[in-house]
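Here's the letter readout for the chains.
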Amino acid sequence: MAEQLNLLSEGNIIPTALHTEMQQSYLEYAMSVIIGRALPDVRDGLKPVHRRILYAMYELGLTPDRPYRKCARVVGDVLGKYHPHGDQSVYDALVRLVQTFSSRYPLLDGHGNFGSVDDDPPAAMRYTETRLAPISNTAMLTEVGLATVDFAPNFDNSQQEPLVLPAQLPILLLNGSSGIAVGMATNIPPHNLNEVVDALIALIDRPEISLPELMQHLPGPDFPTGGQIIDTQGIIQAYETGRGLVTLRGVAQIEEIQPGRGRHRRSAIIVTELPFQVNKAAWIEKIADLSNQGRLEGIADLRDESDRDGMRVVIELKREGNPQKVLEQLYRQTVLQTNFGVILLAIVNGQPRQLSLIQLLQEFLNFREETLIRRYQHELDQAQTRSHIVEGLLAGLNDLDRLIDLLRQAPDGPTAKINLQTEFDLSDRQADALLAMPLRRLTGLERENLEREFQELSQRIQDLQTLLGSRHELLKALKKELRQLKRQFGDPRRTQILTDVPDLPVISTAEVDTPPDLPVMVEVSQKGYGRCLTSLARNSFVIPPQAKQQWQDAKKDYPIFQAPGQRQHTLYLVGSNGKAYSVPVAKIPLTERNQKGQPLQTLLPDSAQGEQLIQFWLEPATDAADSYPDFVLLTHQARIKRIPATELTGMNQRALQLIKLKDDDALDWVIPILPAQTLIVATSTSRILRFQGETIPIMSRTSAGVAAFKLGTQERIIGAIATSETTNLLLVTAQGYAKQISVNEVRPIHLGQLGTMTFKFTQPHDYVAGLVAVSPPFGAEVPEVGLVTNRERWQRITVDQIPCGHHASSIQIVSMEPEELVTQILPSS
């Protein structure tokens, strides 16, 4: 105690103000939390704990092709080498990297119980196993040993750890991130890999690109749990400023269910997707509490029928319950609709920064360009070193006799080395390599191998020097790498983005009172909405007639099917999976022309959800077989068959399989055909195949059909119609050229024959994009067709001036922008 007092008395006390010390200590603590724990790095998108987990597993060799290893072993390595914190915090971070409902692209592959969307806890680390996922192994760790990033000592100077991983993809955008630091927070939503890569390539090609143009490639977040984003204003604000509020909504649909034997059918709300980070069990409990308290009316029963194949929560309604009102209450009072607060905050050059979308993408591109330069420089150094050594080996082997004599006469190794350097003009390293060369390398075959290696090294050195000397070539290599990763790991979008909030799917009780013989116009839109119009006044064309000879924006929804009918009739639908569905017209809502209607998917069974609907037709509820005697089915691989309409009678809410499909095939065309009609099939190479209806065999619904004809390489079917012999066929190519040909000019054929070539292409790489039938002679009302392009533009075209005849030349009917192609031809209604 006396020594301590003496030390203090010798002037070792530094007086300081309490508020100054508190301020300095707090700032140091805050920066430690911000940089070292809570916020991700903009370059690899990882927090330090995640980075250390991935690198520790890389050092353990836990690649996707190796067996799983216990998570306890991984956690132990992370704690002992890099992250001296609690083991549970490390395991929690590891679990989140495995969970498919937390990460859009999980960086770890897990084996065992890692929790669920019901907030069930994961099993203890001694039970679960893990290894690196393919995307993290390929896109984050393959370059870590190529001097691409800097390393630093770990906490006890016993190991070296990377300060950042050489990520080849912007993981910060792909998986998102959330964290609360001192005085700031981050909340970055996940995105789709395909869209992010397209945005990066667009930014490379056009560094001055605007946000609206960039959002054509990257329209918004894509959450692992799917759901719907309501409106885009919040997305735009977040991408512009780094902060915004995005409204998320679960996916709900209306079904009629049979609660039990002998009970009446009743409506139910079926929820198949929830907003991101919503606890399903807690949400169901909240609904039950609200219903018991009388704050949520109209619910008779509540069941969770989810299984390993997907989520399905059934909210059974009372017979007097209104589905629209109940669904509105669910959106308003529960987290079936919630807000996601976007905060694009990340560490940039050691400092926290709030970034816009373009800034975030540009920071990643800057980092990726830097890592590529370091990688190519490292490879160049290694290639030049190896080339130098191989050149020395070849110099000695090219004069082998003199080499052997020199070595034989040398009294010792150092003398031999000096003599080699003098006689063969070798460097110190080349002489060492020549002396260390085993005798088997003296054979002729080994010499050939060395010469081949020297040539390959010379070419590689030249390629690397080109990449390092030209930024254009470097960026070209970067784009090639991004496209390869997109092909390898890309997947379809899961979250729908609704620019206009759709009408809530309802089965309106008011429609029960509408008379069954009420005349209506049944319409189905391009986006899958169905509606009934009480007026039979029809547009002259299925696309709204705002203009005729100028291009128009086609982003808005437009009808692709229109048919007059009655409320007692039935609408039939067929999906690309070969299944047919029926919807009573009475269930399709009556709307005005300015209303969108109801998504038809909400009126179909679960098996049809997400299925592409390819064909629609309207038939009366009775005597359906008298309307269309037969249906011709044609698949993507040109398999064909005919089934009678009696196969479709008596359909109920369940799907009806119309054709047996192979795994790599899909149903593309379902054509109602009358006895007097002929079937026309067109291909992209301008082949027209004309089949009489009786030449197509009638088969059962369980058959796979027969081969109609053989498709050539890169050839595909672009149209199939049933028409009379007096009509003309209008063909339009992708580059906007068109001609007509009479059906009579096409020779009837049997199955397996080649058909008639009808088009002579005037432009390279052109192909037929669509086929429609038009009926001459043209009177006062000249028929029109609509062309839709890959730029989402459309134009109306009159057909009377288009040349007609088998030997007639085609003409260009529309002017196209660079890389713009016609994708769809819509007939007049």
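All figures in this text were calculated on a predicted structure; none of them were measured in a lab. (Residues numbered from 1 in each chain as written. Predicted model: local features only at pLDDT ≥ 70, side-chain atom pairs only at ≥ 80, totals over all residues. Heavy atoms only, no water.)

Assigned secondary structure in the protein consists of 18 helices and 41 strands. The burial tally for the protein puts 49% of its 829 residues in the buried class. For the protein, the proportion of contacts with a sequence separation of at least 24, taken over those separated by at least 6, is 71%. Put simply, the protein shows about 39600 Å² of open surface, and 49% of that area lies on carbon and sulfur atoms. (Helix = DSSP H or I, 4+ residues; strand = E, 2+ residues; numbered from the N terminus. Buried < 20%, exposed > 50% of the residue type's maximum accessible area, 1.4 Å probe, protein only. Contact = heavy atoms within 4.5 Å. Areas by Shrake-Rupley, 256 points an atom, 1.4 Å probe, with all protein chains shown as cover.)

What follows is about the sheet that holds strand β25 (residues 613-619). Strand order in the open sheet made by the four strands is β25-β22-β23-β28, with antiparallel pairing throughout. The open sheet terminates on both sides in strands that have one partner only, identified here as β25 and β28 (656-657). (Pairing = 2+ DSSP bridges.)

In total, this model carries 46 salt bridges according to the counting rule given. The salt bridge partner of Asp 491 is Arg 494, with a shortest N-O separation of 3.8 Å. Asp 491 sits in the buried class, given a relative accessible area of 19%. Where salt bridges share partners, they join Glu 255, Arg 266, Asp 301, Arg 303, Glu 305, Arg 312 and Glu 316 into one cluster. (Salt bridge = Lys/Arg side-chain N within 4 Å of Asp/Glu carboxyl O.)

Of all the residues in helix α10 (residues 233-241), the buried ones are Gly 234, Ile 235, Ala 238 and Tyr 239. The buried residues of α10 occupy an angular sector of 130 degrees when the element is viewed end-on, so they sit on one face. For α10, exposure combined with an orientation more than 90 degrees from the buried face picks out Gln 233 and Glu 240. Where α10 is buried, its residues meet α9 (211-214), β8 (228-230), β9 (243-249), β14 (337-343) and α13 (357-397). One or two residues past the end of α10 sits Gly 242, with phi positive at roughly 95 degrees. (Arc of directions from axis to C-beta.)

Backbone geometry at Asp 119 places phi at a positive 65 degrees, although glycine is not the residue there. One can find Asp 119 in the loop between β2 (108-111) and β3 (129-132). The class for Asp 119 is exposed, based on a relative accessible area of 57%. Phi at Ala 638 is positive, roughly 65 degrees, even though this residue is not glycine. Checked against the element boundaries, Ala 638 lands in the loop between β26 (630-635) and β27 (639-644).

In this structure, Ile 53, Leu 94, Leu 108, Ile 135, Met 140 and Leu 169 are the most contacted members of the largest nonpolar core, which totals 103 residues. Take this core: its biggest share by element is 14 residues, from α13. Contact partners of Ile 135, with chain neighbours within four places excluded, come to Tyr 105, Pro 106, Leu 107, Met 140, Leu 169, Leu 193 and Phe 489. Ala 252, Trp 283, Ile 284 and Met 311 belong to the second-largest nonpolar core, a separate cluster that totals 21 residues. (Core = buried A, V, L, I, M, F, W, Y, C linked by side-chain atoms within 4.5 Å.)

We now examine the pairing of strand β15 (residues 345-348). Alternating residues of β15 divide into Leu 345 and Ile 347 and Ala 346 and Val 348, and every residue in both groups is buried. When β15 meets strand β16 (residues 351-354), the two strands line up antiparallel, connected through four bridges. Paired with Val 348 across the two strands is Gln 351, which belongs to β16. In textbook terms, the turn of a hairpin is the stretch between consecutive antiparallel strands, and for β15 and β16 this stretch comprises two residues, one of which, Asn 349, has a positive phi near 55 degrees.

This part takes up the packing of aromatic side chains. Summed over the entire model, instances satisfying the criterion amount to ten aromatic pairs. Relative to Trp 617, the ring of Tyr 572 has its centre 5.7 Å away and its plane inclined at 40 degrees; by these criteria the two rings are tilted. Of this pair, Tyr 572 sits in strand β22 (residues 570-575) while Trp 617 sits in strand β25, and the two are 45 residues apart along the sequence. The two residues Tyr 572 and Trp 617 agree in class, both being buried. By way of ring pairs, the aromatic residues Tyr 55, Tyr 58, Tyr 82 and Phe 151 are connected into one cluster. When the ring centre of Tyr 331 is taken as origin, the NZ or CZ atom of Arg 249, which lies over that ring, is 3.9 Å away. (Phe/Tyr/Trp six-rings, centres within 6.5 Å; stacked < 30°, edge-to-face > 60°. Lys NZ or Arg CZ within 6 Å of the ring centre and 35° of its normal.)

Turning next to the pairing of strand β31 (residues 687-692). Within β31, five of the six residues are buried, leaving the element largely enclosed by the surrounding structure. Relative to β31, strand β30 (residues 678-683) is paired through five bridges, and the arrangement is antiparallel. The partner of Thr 678 across the bridge, within β31, is Gln 692. Both β31 and strand β36 (residues 756-757) contribute to a ladder of two bridges, which runs antiparallel. By the bridge assignment for β36, Ile 688 is matched with Thr 756.

With that settled, the discussion passes to the environment of Ile 643. Note on placement: Ile 643 falls in strand β27. Its relative accessible area of 1% is what places Ile 643 among the buried residues. Distance from Ile 643 to Pro 629, taken between C-alpha atoms, is 8.7 Å for residues 14 residues apart in sequence. Residues in contact with Ile 643, not counting those within four places in the same chain, are Pro 629, Asp 630, Phe 631, Leu 633, Leu 648, Leu 658, Met 699 and Ser 700.

With that out of the way, let us pick up the packing of α13 against helix α17 (residues 444-469). Between α13 and α17, whose axes approach to 9 Å, the crossing angle comes to 150 degrees. By the angle between their directions, the pair α13 and α17 is classed as roughly antiparallel. Where α13 crosses over α17, the handedness of that crossing is left-handed. Looking at side-chain class alone, the contact of α13 with α17 contains 15 nonpolar, four polar and seven charged residues. (Axes fitted to C-alpha atoms, helices over the stretch in contact; angles between N-to-C directions. Parallel < 35°, antiparallel > 145°, perpendicular 65-115°, else oblique. Left-handed = near helix turned anticlockwise from the far one by under 90°. Nonpolar A, V, L, I, M, F, W, Y, C, P; charged D, E, K, R; others polar.)

On average, residues of the protein carry a pLDDT of 86, and 90% of them reach 70 or more. Within the model, pLDDT remains below 50 along residues 502-513, and this stretch shows 28 contacts once partners closer than five positions in the same chain are excluded. Note that residues 622-626 has pLDDT below 50 and, in this model, six contacts with residues that lie over four places away or in other chains. (pLDDT = per-residue confidence, 0-100.)

Taking strand neighbours across the sheet as the criterion, the three strands line up as β1-β3-β2 in an open arrangement whose pairing is antiparallel. Both outer strands of the open sheet, β1 (69-70) and β2, are each paired with one neighbouring strand and no more. Where β1 lies against β3, two bridges are found, and the strand directions are antiparallel. Across the sheet, Arg 69 pairs through a bridge with Thr 130, a residue of β3. This element, helix α3 (residues 48-60), spans β1, β2 and β3 of the sheet and lies at about 90 degrees to β3. Lying on the sheet, helix α5 (residues 87-98) is in contact with β2 and β3; it crosses β2 at an angle near 100 degrees.

The next thing to look at is the environment of Glu 256. Within the element layout of this structure, Glu 256 appears in strand β10 (residues 251-257). Residue class for Glu 256 comes out partly exposed when judged on its relative accessible area of 32%. Put simply, Glu 256 and Ile 270 are 14 residues apart on the chain and 9.9 Å apart in space, counted from C-alpha to C-alpha.

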